[in-house]
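# Descriptive structure summary
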Amino acid sequence: SLEPCVEKVMQYFKVNDEGRISREIGELISQIWEDPSIKACYKDIDDPEYNLPDSTTYFMAEINRICQSGYIPTMEDIIRVRWTTTGAPSESFEFAGYTVTLVDLGGQLSERRKWNRCIEDSKGATAVLFL
């Protein structure tokens, strides 16, 4: 039964909502993830209500490495991290005598309606990057 593993993991995250995940908890998460019933459920989830990022399988497969003491994220780890963007946060910096402003407009369908407005208000957008 997965119930004891799930209980321990849930209790851990009630107390520790940020920071490094312990090796013990990583092993429990790995046990839960490797269970065939969990894999079958995840495979069948195609509902935005659950809001599971596309990188879930990657991070679950890597959980034991990530929970090691001294863990340093790989480039692949960094690239696969996702978070929801709301609004249009921006960051400006100087480069080669130019002021460069990066604006994260978000890629979710619900966020796309503001793209035109932001580009039109930019007074000369010279590039649009899709990452």
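Residues numbered from 1 in each chain as written. Predicted model: local features only at pLDDT ≥ 70, side-chain atom pairs only at ≥ 80, totals over all residues. Heavy atoms only, no water.

Now for the layout of surface pockets. As a volume, the second largest pocket reaches approximately 210 Å³. Gly-19, Arg-20, Ile-21, Ile-29, Pro-53, Ser-55, Thr-56, Phe-59, Met-60, Ile-63, Ile-66 and Tyr-71 together form the lining of the second largest pocket. Listing elements by their share of the lining of the second largest pocket, those giving two or more residues are α4 (56–61) and α5 (63–66). Here the residues of the lining of the second largest pocket are counted per class, giving 8 nonpolar, 3 polar and 1 charged. (1 Å grid on protein atoms, 1.4 Å probe; cavity = no way out; pocket = protein on both sides within 12 Å on 5 of 7 lines; lining within 4 Å. Points joined across faces, edges and corners; volume = space filled by probe spheres on them. Helix = DSSP H or I, 4+ residues; strand = E, 2+ residues; numbered from the N terminus. Nonpolar A, V, L, I, M, F, W, Y, C, P; charged D, E, K, R; others polar.)

Once that is clear, we can look at the pattern of salt bridges. Scanning all chains against the criterion turns up 4 salt bridges. Notably, a salt bridge pairs Glu-62 with Arg-65, separated by 2.7 Å at the nearest N-O pair. Relative accessible area serves as the criterion here: at 29%, Arg-65 is assigned to the partly exposed category. Across the pair Arg-80 and Glu-76 runs a salt bridge, and its minimum N-O distance is 2.6 Å. (Salt bridge = Lys/Arg side-chain N within 4 Å of Asp/Glu carboxyl O. Buried < 20%, exposed > 50% of the residue type's maximum accessible area, 1.4 Å probe, protein only.)

Here we take up the pairing of strand β2 (residues 98–103). The pairing of strand β1 (residues 90–95) with β2 spans 6 bridges and is classified as antiparallel. Directly across from Phe-95, in β2, lies its bridge partner Tyr-98. Between the end of β1 and the start of β2, which pair antiparallel, lie 2 residues, with Ala-96 showing a positive phi angle near 50 degrees. (Pairing = 2+ DSSP bridges.)

Bringing unusual backbone geometry into the picture now. You will see that Ala-96, though not glycine, has its phi angle at about 50 degrees, which is positive. Note on Ala-96: relative accessible area 63%, which makes it exposed.

Applying the stated rule across the entire model yields 3 aromatic pairs. Aromatic pair Tyr-12 and Phe-13: ring centres 5.2 Å apart, planes at 90 degrees, arrangement edge-to-face. (Phe/Tyr/Trp six-rings, centres within 6.5 Å; stacked < 30°, edge-to-face > 60°.)

Right, let's talk about the packing of helix α2 (residues 23–34) against helix α3 (residues 36–44) for a bit. The geometry of α2 relative to α3 is characterised by a closest axis approach of 5 Å and an angle of 70 degrees between their N-to-C directions. In terms of orientation, α2 and α3 fall into the roughly perpendicular class. Together, Ile-32, Trp-33 and Glu-34 of α2 and Pro-36, Ile-38, Lys-39 and Tyr-42 of α3 make up the contact between the two elements. Its residues placed into classes, the contact of α2 with α3 shows 5 nonpolar, no polar and 2 charged. (Axes fitted to C-alpha atoms, helices over the stretch in contact; angles between N-to-C directions. Parallel < 35°, antiparallel > 145°, perpendicular 65-115°, else oblique. Contact = heavy atoms within 4.5 Å.)

Function-wise, these values are silent; they only describe arrangement.
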